[in-house]
Amino acid sequence: MDENDTSNPLDNPKPNEALVSSSNTTSTATTVITPLLHPSLASLLLPIYPSLLPLQSHLLPLLLNPHVIHNPRDLSVTAETGSGKTLCFILPIVNSILKGDGGGVGKDKGRVQAVVILPTVNLAQQVYSDFQSFTSPLNITLSLDTVNSASATQIVVATPGSIKRRFETGNGWVRGLRWIVVDEADRVGGQRMGWWGGFKEETVRKRKRPQLTSGDTKQTLADLLDTVVSGDDSGNVTIQASYNRDPMEPNYTPLRKMCFSATKQHDVMRRQVFGLNHPRIFDFRKERGVVEARGGLGGEGEGGDDTEGQHDRGGGAEGRGGGGGGGGTDDMHYVSDNITEEVCNVTAESKPEVARILSLGQPCTLIFCNSTDSAHRLTRYLQATGIKAKELTGKVSKGGRKRVIEWRAPRRVIVATDSASRGMNLDVDLVVNYDLPTSLSQYVHRAGRTGRGFGTGTVVSMRKQGEAWAKFEKELGRAGRVRARKVEEADMDRGALRTLKDIMKREEDGDLGYEEEHGVIPGDSDSSSLPSSDDDEDDEDGEGEGEE
Ligand SMILES: Nc1ncnc2c1ncn2[C@@H]1O[C@H](COP(=O)(O)OP(=O)(O)OP(=O)(O)O)[C@@H](O)[C@H]1O
């Protein structure tokens with residue numbers, strides 16, 4: 001039986017049609033997938049997640065299907081923020097290790113069977129801890145590979161830089177690999193296209209492996225892994241993609257690559273960067289359900305010119321196909337229906353005070369600024385007015401960032417730059433765009449820090465006169481949905497405004513005594529000097545080196 005024989009309707013879309021799910025907004029009891037789960041995993045899962053989110057109730061039956069695991073096709077999933085993508089790869093990986101599905105090495109604890117790649121250390125830590133809830137009780141080995149570790153655990157959660165370092169010390173560790181997951185794939189791929197290529201060439205050269213076919217332009221991590229998977233223990237390498245191998249071959253290990261993201265990552269790029277093999281493409285948003293594009297990446301060809309960065313340049317969000325054969329996969333920039341969107345008119349002078357007023361009474365507010373400087377000053381202002389506020393920017397030390405991410409005090413305010421806009425689960429009720437985001441995908445990721453899972457939340461964008469809010473409304477395809485939010489002049493606290501002016505002046509004067517008194521929590525930030533540039537210097541594990 002092959003994967004097209006399964007009863008899951010997502011397995012068999014009609015040619016050139018997108019497949020639209022009928023039940024899109026309701027949750028499903030977790031028990032629907034228990035027959036596919038190893039009993040120990042099922043008994044762990046049910047108390048944690050009694051219900052599945054809509055995306056999960058569609059993808060998990062497919063990904064847990066043992067027939068599909070034996071005949072893997074790669075997967076590319078775009079689903080709105082907070083839709084529960086993480087569980088969609090955690091469960092199939094853990095389950096397949098427990099069951100030894102797919103002809104792999106099963107419970108062999110000394111073999112890396114799954115690599116999960118995240119763009120930043122903080123995100124890798126979060127996913128590692130999500131995995132731990134399942135792997136620790138089940139005695140599956142797991143490692144967080146963001147520093148110089150290279151343990152041969154069954155599951156490795158890594159940043160691109162740490163994967164690169166693993167290869168530098170040898171590549172035999174990929175021999176039992178069956179899953180490669182790239183989360184926030186548009187971030188990982190978009191930033192590192194050149195890097196992946198360099199990585200491959202460099203690694204091949206270092207190991208004195210045969211050069212790949214000259215003129216080969218598909219220099220990708222996946223190509224490299226395929227190459228290595230085909231090698232033998234003495235270092236001889238047969239250059240052959242794993243998906244071209246004969247499943248009857250001894251030691252054949254089916255390898256599945258899966259990419260996940262919340263903003264549509266352009267399919268051609270996915271294929272080029274991650275070497276996806278005839279991937280199945282799923283798009284999900286709550287109001288519509290799951291749509292599968294027939295024909296993968298533009299059928300057998302590469303389809304439309306859906307180039308990188310398109311979403312940032314605007315144009316209608318609706319109806320833009322993801323590739324020639326991508327029928328029905330719109331460019332994906334949707335804010336979840338769980339999130340109420342508002343816009344508030346402000347002046348440059350009133351902004352800090354409006355931010356303070358918006359956050360009053362909220363259990364947790366996350367305020368986004370476009371620069372570390374702006375975030376730093378706002379944090380100081382809020383602290384000076386008695387609000388519990390902390391900064392989450394690249395200026396904050398690694399340990400400090402971890403403390404802020406784990407901080408759960410009531411009525412807390414986190415002032416952040418975009419390093420916190422992707423993937424993080426911070427239990428946020430209100431997101432404030434103190435500075436308007438500069439791209440649509442940035443807006444979507446920021447807003448998506450609230451209204452996660454089954455929760456609801458609000459995003460308020462502060463707009464100064466002349467700022468182009470209409471651009472975002474149009475591009476989101478939801479003009480009219482964003483409500484106006486008013487903060488009256490009369491609501492402003494004159495005393496707080498005076499405090500603000502005082503802080504600004506003292507900072508300009510370099511009054512460090514004042515800074516120490518009112519500044520950020522010691523150890524959370526380098527507060528010896530104020531940031532002098534407007535650039536956001538957040539550490540996102542650039543090439544894997546800036547992880548400290
Ligand atoms: N079945 C479920 N029931 C309840 N909560 C869930 C369920 N699945 C996931 N969650 C919760 O929903 C939140 C969002 O999940 P997750 O981090 O997987 O979202 P995501 O789709 O990866 O979002 P993003 O694109 O922003 O990274 C998390 O707090 C997670 O614990």
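Note that the structure is predicted; figures quoted are calculated from it, not measured. (Residues numbered from 1 in each chain as written. Predicted model: local features only at pLDDT ≥ 70, side-chain atom pairs only at ≥ 80, totals over all residues. Heavy atoms only, no water.)

1. Quick word on the sheet that holds strand β13 (residues 364–368)
Our working definition: Any two strands between which DSSP finds at least two bridges are classified as paired. What counts as a helix is a DSSP run of H or I of at least four residues, what counts as a strand is a run of E of at least two, and both are numbered from the N terminus. Only heavy atoms matter for contacts: two residues are in contact if any of them lie within 4.5 Å across the pair. To obtain each axis, a line is fitted to C-alpha atoms, and for helices this fit is confined to the stretch in contact; angles are then taken between N-to-C directions over 0 to 180 degrees.
Spatially, the seven strands line up as an open sheet ordered β14-β15-β13-β16-β17-β12-β18, and their pairing is parallel. Whereas interior strands pair on both sides, the edge strands pair on one side only; in this sheet they are β14 (388–392) and β18 (483–484). Lying over the sheet, helix α12 (residues 372–384) contacts β13, β14 and β15 (412–416), oriented at roughly 165 degrees with respect to β14.

2. Focus: the pairing of strand β5 (residues 114–117)
Definition in use: Here's how the labels work: a residue is buried when its accessible area is under 20% of the maximum for its type, exposed when over 50%, partly exposed in between, all with a 1.4 Å probe on protein chains only.
Side chains Ala114 and Val116 project from β5 onto one buried face, and the interleaved Val115 and Ile117 project onto a second face that is buried too. Where β5 and strand β7 (residues 155–158) come together, four bridges link them in parallel fashion. Following the sheet pairing, Val115 is matched in β7 by Val156. Pairing geometry for β5 and strand β8 (residues 179–182), over four bridges, is parallel. Note on β8: the bridge partner recorded for Ala114 is Trp179.

3. Examining the packing of α12 against helix α16 (residues 494–508)
Here is the rule we go by: If an angle is under 35 degrees, it is roughly parallel; if it is over 145, roughly antiparallel; if it lies from 65 to 115, roughly perpendicular; otherwise it is oblique. Working rule for handedness: look at the near helix, and if it is turned counterclockwise from the far one by less than a right angle, call the crossing left-handed; if clockwise, right-handed.
Axis separation between α12 and α16 bottoms out at 10 Å; the angle between their running directions is 135 degrees. Between α12 and α16, the angle is such that the two are oblique. In terms of crossing hand, the pair formed by α12 and α16 is right-handed. Contact residues: His376, Arg377, Arg380, Tyr381 and Ala384 in α12; Ala496, Leu497, Thr499, Leu500, Ile503, Met504 and Glu507 in α16.

4. Some thoughts on the site of the ligand
Definition in use: Any residue with a heavy atom positioned within 4 Å of a molecule or strand is treated as near that molecule or strand. For the purposes of these results, a polar contact is taken to be a pair of N or O atoms within 3.5 Å, where, inside protein, one atom must be able to donate a hydrogen and its partner to accept one; residues adjacent in sequence count only when each atom of the pair is a side-chain atom. Only the protein chains shown count as cover for residues, and all accessible areas are computed by the Shrake-Rupley method using a 1.4 Å probe. Gly falls in the polar group here, along with every residue not listed as nonpolar (Ala, Val, Leu, Ile, Met, Phe, Trp, Tyr, Cys, Pro) or charged (Asp, Glu, Lys, Arg).
Taken together, 20 residues lie around the ligand, and Ser51, Gly82, Lys85, Thr86 and Arg452 are the ones closest in. A distance of 2.7 Å separates a nitrogen atom of the ligand from a polar atom in the backbone of Ser51. Contact between the ligand and Thr86: an oxygen atom at 2.7 Å from a side-chain N or O atom of the residue. When the ligand sits alone it has 640 Å² of accessible area, and the protein chains cover 85% of it. Within the residue set of the shell around the ligand, elements represented by two or more residues are β3 (51–52) and α4 (85–99). When the residues that make up the shell around the ligand are grouped by side-chain class, the tally is five nonpolar, ten polar and five charged.

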